[in-house]
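Structure at a glance
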Amino acid sequence: MQLALEIIEYWTTCHWAIAFAIACIVNISVYVLTAKCLHLLIDYAVNTKSFGKFIDDRALKPKQTLREMTYGIVACCIFALGSIFSRMLFDGLWPETLSSLLIQVASFVVFYETYSYFVHRLLHTKYLSMFHGVHHSSVRVTPWSAYSVHPVEAIFIGFSAPVFMLLFSLSLSVALTLHIVGMMFTILLHSNYSHSSGPTLLKLPFSYAEYHSKHHFYGGVNYGFTHRFWDSVLGTYQRQSN
Ligand SMILES: [Zn+2]
Ligand SMILES: [Zn+2]
């Protein structure tokens, strides 16, 4: 904990190029380690233990994983660039009170759910679909598909926190933690794994993967990130059972 504190404090004051390099290493590490671990775990569960199943079991496209990893690593570097702007805009390293922490987390989660839904709808318009096509070239998704996005789409994702910080107060530690948790959740969304039996605690996380796989399969449904709210309100929600 003390080491993490010292690293964050150093990161806020060092030269921006060093901060950018550190942020690249952290983003790429989170992406590669989470995607690799999830890929191995699911492969073991399905192929060795017959525990759960792939949502879509069609073959991957030729060189799909290599293409996804390449776009993913470029996207991580763009997220690192976004964090340099967060470094200029954050409001304190830590929230001063517990209520301040809860307000920051709740307001960012609501903001990001709304921001990502409408940005995603924009990316499906004829003006921006050529960029979003990179992500949708993964029809059968893998954990590596999570950040297989065009650099223009990566800018929308990576600059969400600086945009929020222009409007509301956000501590740097909250911003960094939510970013890393958000990356892991996005990778889970692309796990292509479902589990219909067993405890809810196990089924629930992967229900999000089914929800997002429908988006890759049909295109114009299930644009949301962590919640079905905007999909339900605006008529773009498709249930898992359909
Ligand atoms: Zn889409
Ligand atoms: Zn996706």
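Shown above is the structure to which this text applies.
Quick look at the structure, then.

Parameters at a glance
- Residues numbered from 1 in each chain as written.
- Chains lettered and ligands numbered in written order.
- Predicted model: local features only at pLDDT ≥ 70, side-chain atom pairs only at ≥ 80, totals over all residues.
- Heavy atoms only, no water.
- Donors = N, O, S within 2.8 Å, 3.2 Å for Na, K, Ca; no water.
- Tetrahedral: all angles 85-135°; square planar, octahedral: opposite > 155°, others 65-115°.
- Helix = DSSP H or I, 4+ residues; strand = E, 2+ residues; numbered from the N terminus.
- Buried < 20%, exposed > 50% of the residue type's maximum accessible area, 1.4 Å probe, protein only.
- Axes fitted to C-alpha atoms, helices over the stretch in contact; angles between N-to-C directions.
- Parallel < 35°, antiparallel > 145°, perpendicular 65-115°, else oblique.
- Left-handed = near helix turned anticlockwise from the far one by under 90°.
- Contact = heavy atoms within 4.5 Å.
- Nonpolar A, V, L, I, M, F, W, Y, C, P; charged D, E, K, R; others polar.
- Core = buried A, V, L, I, M, F, W, Y, C linked by side-chain atoms within 4.5 Å.
- Phe/Tyr/Trp six-rings, centres within 6.5 Å; stacked < 30°, edge-to-face > 60°.
- Lys NZ or Arg CZ within 6 Å of the ring centre and 35° of its normal.
- Patch = residues over 30% accessible without salt bridge, like charges linked within 9 Å, V, L, I, M, F, W, Y side chains within 5 Å.
- Areas by Shrake-Rupley, 256 points an atom, 1.4 Å probe, with all protein chains shown as cover.
- Salt bridge = Lys/Arg side-chain N within 4 Å of Asp/Glu carboxyl O.

Here's the deal with the coordination of the zinc ion (ligand 2)
Protein coordination at the zinc ion (ligand 2) comes from His135 (NE2), His190 (NE2), His212 (NE2) and His216 (NE2), with a distance range of 2.0 to 2.1 Å. One can describe the site at the zinc ion (ligand 2) as irregular: its four donor atoms subtend angles covering 92 to 154° at the metal. Positions of the donor residues of the zinc ion (ligand 2) along the chain correspond to the pattern H-x54-H-x21-H-x3-H. Here His135 is found in helix H5 (residues 129-136), whereas its partner His212 is found in helix H9 (residues 200-218), with 77 residues between them in sequence. Taking the relative accessible area as the measure of exposure, His212 reaches 5% and is therefore buried.

Examining the packing of helix H2 (residues 16-48) against helix H3 (residues 64-89)
At a minimum axis separation of 8 Å, H2 and H3 run at an interaxial angle of 135°. Between H2 and H3, the angle falls in the class oblique. Helix-helix and strand crossings are classified by hand; for H2 and H3 the assignment is right-handed. Side by side, H2 and H3 meet where Trp16, Ala19, Phe20, Ala23, Cys24, Asn27, Ile28 and Tyr31 of the first sit next to Glu68, Met69, Gly72, Ile73, Cys76, Cys77, Phe79, Ala80, Leu81, Ser83, Ile84 and Arg87 of the second. For the contact of H2 with H3, the residue count by class is 15 nonpolar, three polar and two charged.

Remarks on the environment of Ile42
Within the secondary structure, Ile42 sits in helix H2. Exposure remark for Ile42: the relative accessible area of 6% places this residue in the buried category. Among residues more than four places away in sequence, those in contact with Ile42 are Phe54, Ser191, Tyr193 and Phe206.

Considerations on the coordination of the zinc ion (ligand 1)
Listed as protein donors to the zinc ion (ligand 1) are His120 (NE2), His124 (NE2), His132 (NE2), His136 (NE2) and His215 (NE2); their distances from the metal cover 2.1 to 2.2 Å. Along the chain, the residues donating to the zinc ion (ligand 1) fall in the pattern H-x3-H-x7-H-x3-H-x78-H. One end of the pair, His124, is in the loop between helix H4 (98-123) and H5; the other, His136, is in helix H5, and twelve residues separate them in sequence. On the basis of relative accessible area, His136 is assigned to the buried category, the value being 18%.

Considering the nonpolar core
Counting 39 residues, the largest nonpolar core has Tyr31, Phe108, Tyr147, Leu170, Met183 and Ile187 as the members making the most contacts within it. Elements represented by at least two residues in this core include exactly H2, H3, H4, helix H7 (160-167), helix H8 (172-189) and H9. If sequence neighbours within four positions are ignored, Tyr147 has contacts with Tyr31, Tyr71, Gly72, Ala75, Phe79, Gly182, Met183, Thr186 and Ile187. Residues Cys14, Ala23, Cys24 and Leu172 belong to the second largest nonpolar core, which totals ten residues.

Some points on the packing of aromatic side chains
Throughout the structure, instances matching the rule amount to 22 aromatic pairs. Ring geometry for Phe185 and Tyr208: centres 5.1 Å apart, planes at 75°, overall edge-to-face. You can see Phe185 sitting in helix H8 and its partner Tyr208 sitting in helix H9, a full 23 residues away along the chain. You can call Tyr208 buried: its relative accessible area is 18%. An aromatic cluster of at least three residues, connected via ring pairs, comprises Phe108, Phe111, Tyr112, Tyr115, Phe164, Phe168, Phe185, Tyr208 and Phe225. Taking the ring centre of Phe54 as reference, the NZ or CZ of Arg140 above it sits at 4.9 Å. Looking at Arg228, its charged tip hangs above the ring of Tyr211, at a distance of 4.4 Å from the centre.

Points about a nonpolar patch on the surface
On the surface, Leu81, Phe85, Met88, Leu89, Val163, Leu166, Leu167 and Phe168 cluster together into a nonpolar patch covering about 770 Å² of accessible area. Elements supplying a minimum of two residues to the nonpolar patch: H3 and H7. For the nonpolar patch, the leading source of residues is H3, giving four residues.

Concerning H7
For H7, every residue scored as buried is listed here: Ser160, Ala161, Pro162, Phe164 and Met165. Buried residues along H7 sit in contact with H3, H4, helix H6 (151-158) and H8.

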